[in-house]
Amino acid sequence: MERSVPRLLVSQNGHEIDSARLWAEQRRPELLDLFAEQVYGRQPVQRPEGMTFTASLPDAACFDGKAVRKTIAIAFTGEHGGEGRIRLTLYVPAEADGIQQGRRYPAFLLFDHGRLSAEANELHATSSFWPVEQIVACGYATAMIAAEDIDPDEHDGFRNGVHGLFDAIDRPRASDAWGTIAAWAWGLSRAMDYLETDPAIDPARVAVIGHSRGGKTALWAGALDERFAMVVSNESGCTGAAISRGKAGERIHQINTVFPHWFSENYKRYNNREDELPVDQHMLLALIAPRLLYVSSAAEDEWADPASEYLSLQLAEPAYRLYGADGLASEPFPQLDSPLHAARCGYHIRAGRHDLTEVDWTYVLAFAKQRL
Ligand code: GCU
């Protein structure tokens, strides 16, 4: 289906963007700014001064000694007092005698929104949402942080979570102030701050992954924070990977009504007015270029709209081409469970319902192999 979307490689003042340099210096910053202002809202703080990492004693006995688990508390103080704490659970591949000294592993950082528990526990071993044993067996470390530690997923007028810690208290909330998705993305960057310091992790090879609202979060985190070498959106749908114009399933007015806290106040202007948005979601995907990008869908997930997710990935290809990488623009929509893996971009549509499963992980890990 043909859809008319804003032009990726034409700057707001009408100039053609025809080189990686122009993309990186002009178009990318201007698109990031548009997404921050009109869609997700601006993060008022980056890494808080005085943020600390406190690691617990590693637990070496996971999966018959194949992994070592560490838990880390990322702690910070708010602008006007108040304390924040994000718990990070990390599994690192191990030999029989523990983590190999000096070896640095690539890692998958998962954003959880209530499927797991922020508290490290044995359930991680059996979850298909986060199949730690499978990931570790492929040679990757894997970490997880949870939404509840950053900003609880409820509309409380932005009082709890990091909004309460960092938002200005002396003036009314701005129409481009950060929503909950932007707050969660901020949390992923703080997790990356920690991973950069862990001697077992290769910070140049960290992938960020999320499912559904977590997929929207992973994409915005990956767009903002170029330390993420790979970004995976699983079934992120509306205001995630999917093109908004002409989308089936969930539309902007619906997401803004049911989840009024997810995005900036400005985004509500586009309820039933997708065509007035200065951006569309292929531009969000393009902000990941030239880094690795993986989008996945599920056949029965009409709410997210697989066709619009795939189209978005195809329309992001011109940004990759500026860096000499082909995308999937010439590939027809794939068969179920037949992943398409180009040099820097991958896609699959799995049979079944809205979920992140071991099958999704299998395809994602196969893409990451040799690339990440
Ligand atoms: C709702 C919401 C979606 C979201 C999903 C999820 O269905 O409408 O936008 O992706 O929840 O996070 O599971």
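All of the points below concern the structure found in this document. Bear in mind the structure is a predicted one, so any value in this text is a computation, not a measurement.

A closer look at the overall build of the chain
Of regular secondary structure, the chain possesses 11 helices and 11 strands. For 372 residues, the compact-globule estimate of 2.2 N^0.38 gives 21 Å, and the chain sits close to it at 20 Å. Dimensions of the chain, computed from C-alpha atoms along their principal axes, come out at roughly 60 × 55 × 40 Å. Looking at the chain residue by residue over its 372 residues, the buried ones come to 59%. A separation of at least 24 residues holds for 69% of the contacts in the chain among residues at least 6 apart in sequence. Carbon and sulfur atoms make up 49% of the accessible area of the chain, which totals about 14,700 Å². The positive charge centre, built from 36 side chains, and the negative charge centre, built from 52, are 2 Å apart in the chain.

A short note on the site of the ligand
The immediate surroundings of the ligand are formed by His113, Ser212, Arg213, Lys216, Glu250, Ile255, Phe259, Trp262, Trp303 and His354. His354 is positioned with one of its side-chain polar atoms (N or O) 3.3 Å from an oxygen atom of the ligand. Notes on the ligand: free accessible area 320 Å², of which the protein chains cover 82%. The residue inventory of the shell around the ligand, partitioned by class, reads 4 nonpolar, 3 polar and 3 charged.

Overview of the packing of helix H5 (residues 180-195) against helix H6 (residues 213-224)
The geometry of H5 relative to H6 is characterised by a closest axis approach of 8 Å and an angle of 60° between their N-to-C directions. The orientation of H5 with respect to H6, classified from their angle, is oblique. Two packed elements cross with a definite hand, and for H5 against H6 that hand is right-handed. Of H6, the residues touching H5 (which contributes Ile181, Ala182, Trp184, Ala185 and Leu188) are Arg213, Lys216, Thr217, Ala218, Trp220 and Ala221. A class-by-class count of the residues in the contact of H5 with H6 yields 8 nonpolar, 1 polar and 2 charged.

Criteria and thresholds
Residues numbered from 1 in each chain as written. Predicted model: local features only at pLDDT ≥ 70, side-chain atom pairs only at ≥ 80, totals over all residues. Heavy atoms only, no water. Helix = DSSP H or I, 4+ residues; strand = E, 2+ residues; numbered from the N terminus. Rg over C-alpha atoms; globule rule 2.2 N^0.38 Å. Buried < 20%, exposed > 50% of the residue type's maximum accessible area, 1.4 Å probe, protein only. Contact = heavy atoms within 4.5 Å. Areas by Shrake-Rupley, 256 points an atom, 1.4 Å probe, with all protein chains shown as cover. Lys, Arg positive; Asp, Glu negative; His and termini not counted. Charge placed at Lys NZ, Arg CZ, Asp CG, Glu CD. Near = heavy atom within 4 Å. Polar contact = N/O pair within 3.5 Å; in protein donor to acceptor, adjacent residues only side chain to side chain. Nonpolar A, V, L, I, M, F, W, Y, C, P; charged D, E, K, R; others polar. Axes fitted to C-alpha atoms, helices over the stretch in contact; angles between N-to-C directions. Parallel < 35°, antiparallel > 145°, perpendicular 65-115°, else oblique. Left-handed = near helix turned anticlockwise from the far one by under 90°.

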